[in-house]
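# Structural overview for review
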Amino acid sequence: MNDELLKKILMNNKNESNEEESIDPLENISPEELSMLAKLYSGQGNLPESKESKNFKSFIPEPGICFKTKNLHTNQKIFLNICQSAEINAPKDITEQELLKIIEQEDQQNAAFQFRVPMSLGEAHAELDNAGAGCTAFDICINPEFLQKIQKYPTFMGFLMSIVIEGLEEKYSIKIDKNCKLLKNKKFLGQIKEQYIRLKSKPLIAEVNNNNEINKNDSKPKAQNDTKSETPKYKIFREPQEGDLVEFLVAEIELPNIISANSLQLDIGEDRILLNTRSQVYFLDIFLPYYLKQDECGAQFDRKTKILTITMPVSD
């Protein structure tokens, strides 16, 4: 990403009359640039087909900040409720300088694995604005810590709004005006709606020994890291390697100090790999730029090469 786009993201000095404070972090960003940002760095949660599905958990977000914009096709007002919930994971804690460095990488696919913003996009709901006119509101839920961060650092604010708008445009086939106005005295428009997140699943780890015999380990993963744990070397590949369609991801994690899969604790989340070991030798926590078919994910540890291979089909 070039310096010109970064300057566009950082633009936030417009002012509007009445009781609104204007922030325009997306002004003049081209559709191509916006699409690139969203596809690489965001993940949008969808309402499950069945609310009773055991694979989903419901939660009620809390108000945060609110933006006003409009639908360019209908000229109807749109309100973007950026809400918060601890149910949404926080992204990796990085500085503004680190974010800019990641965005500027030539290998954008690799950059996407280095920083991603977990979020949930709720369903559109019809509301009335202060003048009694009909409008549409969208609820975008992020982690509370990240909400505080975007209000403090304009770079993160612009970055978030760019992927939010692209995500909504793709999900609802609409065109949203990028000239968003941050409402100074409004944290939320309308009624807060229930949202859903996918629950974590626990794949089995198949172990291949020197005799090509396969054993299975289904140990429960730990969620916390130990400061003594080492981050293992890993590679993540996509298949097919080219094109917009990604069918599955393959992760290869080097674990030279592991003897058996019995000491591994692995959890594949909706968009996350969490790996720990009983001896706390290794710890790895990765957010992925795609949603996974958790029930179809599988892992295999080769005792000879000491490599853990994880195959992860990508959701449509």
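The preceding data block contains the structure.
Source: prediction; values computed, not measured.

## Structural notes on the pattern of salt bridges
- Applying the stated criterion to the full structure yields four salt bridges.
- A salt bridge links Lys77 to Asp129; its shortest N-O distance comes to 3.1 Å. Separated by 52 residues along the polypeptide, Lys77 in strand β4 (residues 77-84) and Asp129 in the loop between β7 (125-128) and β8 (134-142) bring together distant segments of the chain.
- On the accessibility criterion, Asp129 (9% relative accessible area) is buried.

## Details of the packing of helix α3 (residues 96-103) against helix α6 (residues 154-172)
- The contact between α3 and α6 brings their axes to 9 Å, and the two run at 40 degrees. With respect to α6, the element α3 is oriented oblique. Crossing hand, α3 versus α6: left-handed. Here α3 contributes Glu96, Leu99, Leu100 and Ile103 to the contact with α6, which in turn contributes Pro154, Thr155, Phe156 and Phe159.
- In terms of residue class, the contact of α3 with α6 is built from six nonpolar, one polar and one charged.

## What about the packing of aromatic side chains?
- Applying the stated criterion to the full structure yields three aromatic pairs.
- A centroid spacing of 6.3 Å and a plane angle of 65 degrees characterise the contact between Tyr153 and Phe156, whose relative ring orientation is edge-to-face.
- You can call Tyr153 partly exposed: its relative accessible area is 28%.
- On the basis of relative accessibility, which here comes to 0%, the residue Phe156 falls in the buried class.
- Among the aromatic residues, those joined into a ring-pair cluster are Phe146, Tyr153 and Phe156.

## Let's talk about the sheet that holds strand β15 (residues 264-268)
- Strand order in the open sheet formed by three strands is β15-β16-β17, and the pairing between neighbours is antiparallel. Two strands close off the open sheet at either side, each with one partner strand: β15 and β17 (283-287). Each strand of the sheet is rotated relative to its neighbour by a mean of 5 degrees, with strand direction disregarded.
- Summarising the sheet, β15 and strand β16 (residues 272-277) pair through five bridges and their orientation is antiparallel. Each bridged residue has a counterpart across the sheet, and for Asp267 the counterpart in β16 is Leu274.

## Regarding helix α5 (residues 144-152)
- Of the positions making up α5, those classed as buried are Phe146, Leu147, Lys149 and Ile150. An end-on view of α5 places all buried positions within 160 degrees of arc, on one side of the element. Residues of α5 that are exposed and angled more than 90 degrees away from the buried face: Glu145, Gln148 and Lys152.

## So, the pairing of β17
- Among the five residues of β17, four are classified as buried, and the element is accordingly described as predominantly covered.
- The sheet contact formed by β16 and β17 spans five bridges and is antiparallel. Within β17, the residue paired with Ile273 across the bridge is Ile286.
- Counted along the chain from β16 to the antiparallel partner β17, the turn is five residues long, and its residue Gln280 has a positive phi close to 60 degrees.

## A word on α6
- In this model, α6 (19 residues) spans 27 Å end to end at C-alpha, consistent with the 27 Å of a helix rising 1.5 Å per residue.
- Burial within α6 is extensive, with 15 of its 19 residues counted as buried.
- Looking at the residues trailing α6, positive phi occurs at Ser173, about 55 degrees.

## Examining the pairing of β7
- Residues His125 and Glu127 of β7 are buried on one face, while the alternating residues Ala126 and Leu128, pointing to the opposite face, are not.
- In this structure, β7 lies alongside β8, joined through four bridges in antiparallel fashion. When the sheet's bridge partners are listed, His125 is paired in β8 with Ala137.
- Hairpin geometry of β7 and β8 is characterised by an intervening segment of five residues between the two adjacent antiparallel strands and by a positive phi of about 85 degrees at Gly132.

Cut-offs and rules
- Residues numbered from 1 in each chain as written.
- Predicted model: local features only at pLDDT ≥ 70, side-chain atom pairs only at ≥ 80, totals over all residues.
- Heavy atoms only, no water.
- Salt bridge = Lys/Arg side-chain N within 4 Å of Asp/Glu carboxyl O.
- Helix = DSSP H or I, 4+ residues; strand = E, 2+ residues; numbered from the N terminus.
- Buried < 20%, exposed > 50% of the residue type's maximum accessible area, 1.4 Å probe, protein only.
- Axes fitted to C-alpha atoms, helices over the stretch in contact; angles between N-to-C directions.
- Parallel < 35°, antiparallel > 145°, perpendicular 65-115°, else oblique.
- Left-handed = near helix turned anticlockwise from the far one by under 90°.
- Contact = heavy atoms within 4.5 Å.
- Nonpolar A, V, L, I, M, F, W, Y, C, P; charged D, E, K, R; others polar.
- Phe/Tyr/Trp six-rings, centres within 6.5 Å; stacked < 30°, edge-to-face > 60°.
- Pairing = 2+ DSSP bridges.
- Arc of directions from axis to C-beta.
- Expected span 1.5 Å × (residues − 1).

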